[in-house]
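Read off the chains here:
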Amino acid sequence: MSILNFRKTDFIPEEFSRQKIVIAVDGPAASGKGTLAQKMAKRLGYAHLDSGALYRAVAMTALEIGADPSSFQEVQPALNIVLRNLTPELLSCPDLRTPEVSDAASKVSAIPEVRAALLQHQRDFAANLPAYVGGVVIDGRDIGTVVCPNADIKFFVTASVEERARRRFLELQSEHKEATFEQVLADLSARDLRDTTRKVAPLVAATDAYILDTTKLNPAETLDETIAVIRSKFLSESGDVAKPVQKAV
Ligand code: C5P
């Protein structure tokens, strides 16, 4: 979670740059949505909230206290600890990214009480941006459908499960973590199934989301595509013809 230095971009028309813009980026695990959201926020000078890190923090804490991540009774103390300690340090802790925490995060995220508590935190974050920040990019599974259904722009980032497993496998290898491709593919498939079939806020593209299949795109190409969509949306809604907007000094 970060508030980045605000600078007006050179393509958002003046009338839009006066209101806080909310951009939702949803998609399955390892689709590239997190990297995309981070780069998009940096490019636009917006704040960024990685909502998955909230679920991961609850999962990691639950594992630390020996709780069953599928049981609300057992997870509740972990949830309370996390809600009292939602610091940037906790949310950027590398231990949140282990396969065990990933698996537990998809279990705690299926608990309605956990979702309700974290929903409020995400909405508060979007509603209380510092005056100097022009907007926020939030990435997750249900941002465009549940957390911010009125987001100004919604993206649903996806890629084939094999490609996502390949990316995650290479990432683990570069970190010298042991895993086989088959294991990673099985883990991702299990998380996909849990995320898409849970009763509360299942992973699904919002009907008004731009669907972005990144199977054959690299991160830079993915970012360029989304920036082109944002640019054309704001320019067409302002009734403006690519009028350059002054850059902030
Ligand atoms: O995005 P990331 O993979 O870090 O999210 C970890 C887990 O948290 C996901 O597998 C998903 O189950 C859950 N999650 C969620 N809703 C969100 C973000 C993440 O259910 N908005």
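Residues numbered from 1 in each chain as written. Predicted model: local features only at pLDDT ≥ 70, side-chain atom pairs only at ≥ 80, totals over all residues. Heavy atoms only, no water.

A. Structural detail: the overall build of the protein. For the protein, the count of helices and strands is 11 helices and 5 strands. By sequence separation, contacts in the protein at least 24 residues apart represent 79% of the contacts at least 6 residues apart. Working note: accessible area of the protein is about 12200 Å², and carbon and sulfur atoms make up 54% of it. (Helix = DSSP H or I, 4+ residues; strand = E, 2+ residues; numbered from the N terminus. Contact = heavy atoms within 4.5 Å. Areas by Shrake-Rupley, 256 points an atom, 1.4 Å probe, with all protein chains shown as cover.)

B. Seen up close, the site of the ligand. Around the ligand, the structure places 16 residues, and the nearest of them are Arg-56, Arg-115, Arg-141, Arg-191 and Asp-195. Here an oxygen atom of the ligand and a side-chain polar atom of Lys-33 are 3.2 Å apart. The separation between an oxygen atom of the ligand and a polar side-chain atom of Arg-191 is 2.7 Å. A total of 450 Å² of accessible area belongs to the ligand in isolation, and the protein chains cover 97% of it. Residue assignment for the shell around the ligand shows that the elements contributing at least two residues are helix H3 (51-64), helix H6 (99-108) and helix H10 (181-197). If one sorts the elements of the shell around the ligand by residue count, H3 sits on top with 4 residues. Broken down by class, the residue content of the shell around the ligand amounts to 2 nonpolar, 5 polar and 9 charged. (Near = heavy atom within 4 Å. Polar contact = N/O pair within 3.5 Å; in protein donor to acceptor, adjacent residues only side chain to side chain. Nonpolar A, V, L, I, M, F, W, Y, C, P; charged D, E, K, R; others polar.)

C. Focus on helix H9 (residues 161-174). Its 14 residues give H9 an end-to-end C-alpha distance of 20 Å, which sits within 8% of 20 Å, the value for a rise of 1.5 Å per residue. Listed in full, the buried residues belonging to H9 are Glu-163, Arg-164, Ala-165, Arg-168, Phe-169 and Leu-172. Where the residues of H9 are buried, they touch H10. Note on H9: the residue one or two positions beyond its end, His-176, has a positive phi of about 60°. (Expected span 1.5 Å × (residues − 1). Buried < 20%, exposed > 50% of the residue type's maximum accessible area, 1.4 Å probe, protein only.)

D. Local environment of the confidence of the model for the protein. When pLDDT is averaged across the protein, the result is 87; 87% of the residues are at 70 or more. Under a pLDDT of 50 for its full length, residues 1-10 has, in the predicted model, 35 contacts with residues more than four places off or in other chains. A low-confidence stretch, residues 240-249 (pLDDT under 50), is modelled with 13 contacts involving residues beyond four sequence positions or located in other chains. (pLDDT = per-residue confidence, 0-100.)

E. Representation of the side chain of His-48 within the structure. Relative to the assigned elements, His-48 resides in strand S2 (residues 47-50). Take His-48: its relative accessible area is 6%, and that puts it in the buried class. Among the polar contacts listed, one links the side chain of His-48 to the side chain of Asp-139, at a separation of 2.7 Å.

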